[in-house]
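The residues making up each chain are set out below.
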Amino acid sequence: MRTGRILLVFLILMGSMSMDASALEPLSGVPFLHDAADLLFPSLKDAAGQASKLFGLALLAGIAESFLEKGKAAERVFRAGAVFSVFLLLFSDSDGFLASIRTASDDVMTVIRTALPALAGAAAISGKSASALSSEAVYLLSADVASSVIRDLLLPAAAALLILSAAAAAFQNDMLKEGEKSLHGLLTFFLRITLTVFVGYTGVVKVFGTAGDGAAKRSLRLAISSSVPVVGSIASEAADSILVMASVTRSTVGSGAVAALVAAVLSPLVRLGVYSLVFRVFSFLIAPMGGDGVSEFIRSVSEVYTLLFAMTASLLLLGILVILSVFLYVGT
Amino acid sequence: MTEDLLRLIGAAVLGSLCALLLRRGNPELAFLTGCATVLFLLAELVSRILAIREEASFLLSQAPFASELGNALFRIASASIVSRLGAEAARDAGQNAVGYSLELLGTAAALLLALPLLRRVMEAVSACFL
């Protein structure tokens with residue numbers, strides 16, 4: 001077993017050295033794990049700054065809306081104008097959040113593609129060539145499919161949801177509101193199904209109960225299911241496996257790959273988590289003061305941020321599962 | 001502030017009373033009295049609205065873009081409120097069609113001010129997808 005680990009370190013080092021430098025480009029500039037606290041406060045400051053800007057605009061909209069007769073054409077036009085203003089204030093500079101999740105998705109795939117051949121090689125050397133080859137193919141394919149679904153399908157759908165929310169809040173149209181609800185439900189469903197299929201496909205769930213500290217497993221599962229929105233329950237199931245496999249792979253070089261994964265998604269994860277929380281609180285604060293349309297739109301924005309946070313957390317989970325799953329072959 | 005408000009309420013009651021007294025004998029003069037009262041009150045309102053605008057500008061001054069959007073919203077609201085006042089005055093004079101036309105005008109003016117915002121939203125949306 002020790003020989004296998006030494007070979008594994010060697011193979012990862014060789015893999016890193018022989019890798020094309022351009023493959024690491026997406027990872028450049030990504031802060032590492034110890035920067036988590038440094039990331040938190042600027043994100044909090046940014047989110048609070050944006051919320052305070054919105055506060056002035058929402059207050060103005062609320063006051064002006066109270067002067068206008070409800071249901072009249074002029075009031076509808078004003079409401080639409082107020083929602084458009086809030087939309088522009090939040091999203092005119094760039095598609096910042098979506099771009100950061102796309103980058104995180106690319107980074108996760110880069111780490112997986114870099115580490116997986118080396119890990120599979122180590123498994124093959126430790127006498128499991130068939131398992132190693134098949135597992136590498138399966139994990140790489142499934143991670144690629146799941147990451148592509150999140151990146152190319154769910155992210156644009158989240159942007160569409162944001163636009164639909166703005167339209168529904170601006171025009172108070174029942175059909176648009178139904179469409180917004182349906183798209184939100186569909187997005188949540190697809191995110192859950194992608195992760196469920198991925199977890200099932202990689203066969204990680206089978207590892208349940210093979211080893212590990214029961215108390216630690218339970219506490220980790222509870223922590224994840226209560227802290228990660230939308231996909232928390234699925235993530236907590238996987239957390240059990242992660243804990244088991246982590247105990248096997250502890251003190252090995254694989255922790256380097258996992259750290260790289262965490263570092264790749266840490267920045268958007270912290271940023272989205274903070275924004276989601278700040279806007280959730282802000283939507284409650286502004287509800288009695290802001291105009292109807294503006295309050296409704298800000299509530300929808302906080303929900304979209306929560307969805308984006310769940311997507312980023314899913315990407316992290318996906319990467320960690322792949323790395324640790326292959327390690328299982330090496331460890332045993 | 002309360003004294004000012006009491007003074008304005010007094011002026012409004014006085015103007016309405018005069019208009020009511022004049023209505024039987026000379027309805028045209030009654031209408032003009034009503035309009036004069038409204039104009040007087042509006043003049044008082046404008047100074048207060050300007051003060052509100054200054055305060056709102058201060059709130060939004062942290063971000064120039066927010067200030068610009070706030071001004072656009074302010075203009076839309078002003079167009080809607082002024083047209084509504086005009087429409088109500090026309091209805092008081094029994095001219096419903098004029099009132100409706102004024103409301104339409106106000107809506108068109110507000111729409112004209114809101115359309116650039118919609119165009120910018122469309123630009124942001126297309127930048128996000130393309």
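Note: the structure precedes this text.
Here is a short report on the structure shown in this document. It should be emphasised that the depicted structure is a prediction, and the values quoted were computed from it without experimental measurement.

Rules behind the numbers
Residues numbered from 1 in each chain as written. Chains lettered and ligands numbered in written order. Predicted model: local features only at pLDDT ≥ 70, side-chain atom pairs only at ≥ 80, totals over all residues. Heavy atoms only, no water. Core = buried A, V, L, I, M, F, W, Y, C linked by side-chain atoms within 4.5 Å. Buried < 20%, exposed > 50% of the residue type's maximum accessible area, 1.4 Å probe, protein only. Helix = DSSP H or I, 4+ residues; strand = E, 2+ residues; numbered from the N terminus. Expected span 1.5 Å × (residues − 1). Salt bridge = Lys/Arg side-chain N within 4 Å of Asp/Glu carboxyl O. Contact = heavy atoms within 4.5 Å.

Some words on the nonpolar core
- In this structure, Phe297(A), Leu308(A) and Met311(A) are the most contacted members of the largest nonpolar core, which totals 96 residues.
- Among the elements that line this core, the one with the most residues is helix H10 (residues 292–331) of chain A, at 21 residues.

A word on helix H1 (residues 2–25) of chain B
- Taking 1.5 Å per residue as the helical rise, H1(B) with its 24 residues ought to reach 34 Å, and the 36 Å between its terminal C-alpha atoms agrees with that figure.
- Every buried residue of H1(B) is listed here: Leu8(B), Gly15(B) and Ala19(B).

A short note on the pattern of salt bridges
- Counted by the stated rule, this structure contains nine salt bridges over all chains.
- A salt bridge links Lys177(A) to Glu296(A); its shortest N-O distance comes to 3.9 Å. Here Lys177(A), found in helix H6 (residues 174–201), pairs with Glu296(A), found in helix H10; they are 119 residues apart in sequence, far enough to count as distant.
- According to the relative accessible area criterion, Glu296(A) is buried, its value standing at 16%.
- Close ionic contact of Glu103(B) with Arg91(B) constitutes a salt bridge, the shortest N to O distance being 3.4 Å. Remark: Arg91(B) occurs in helix H3 (residues 64–92) and Glu103(B) occurs in helix H4 (residues 96–129); sequence separation between them is twelve residues.
- For Arg91(B), a relative accessible area of 27% puts it in the partly exposed group.
- Bridged by salt links that share partners, the residues Lys72(A), Glu88(B), Arg91(B) and Glu103(B) form one connected network.

Quick word on the environment of Val125(B)
- Within the secondary structure, Val125(B) sits in helix H4.
- Not counting residues up to four positions away in its chain, the partners in contact with Val125(B) are Phe87(A) and Ile163(A).

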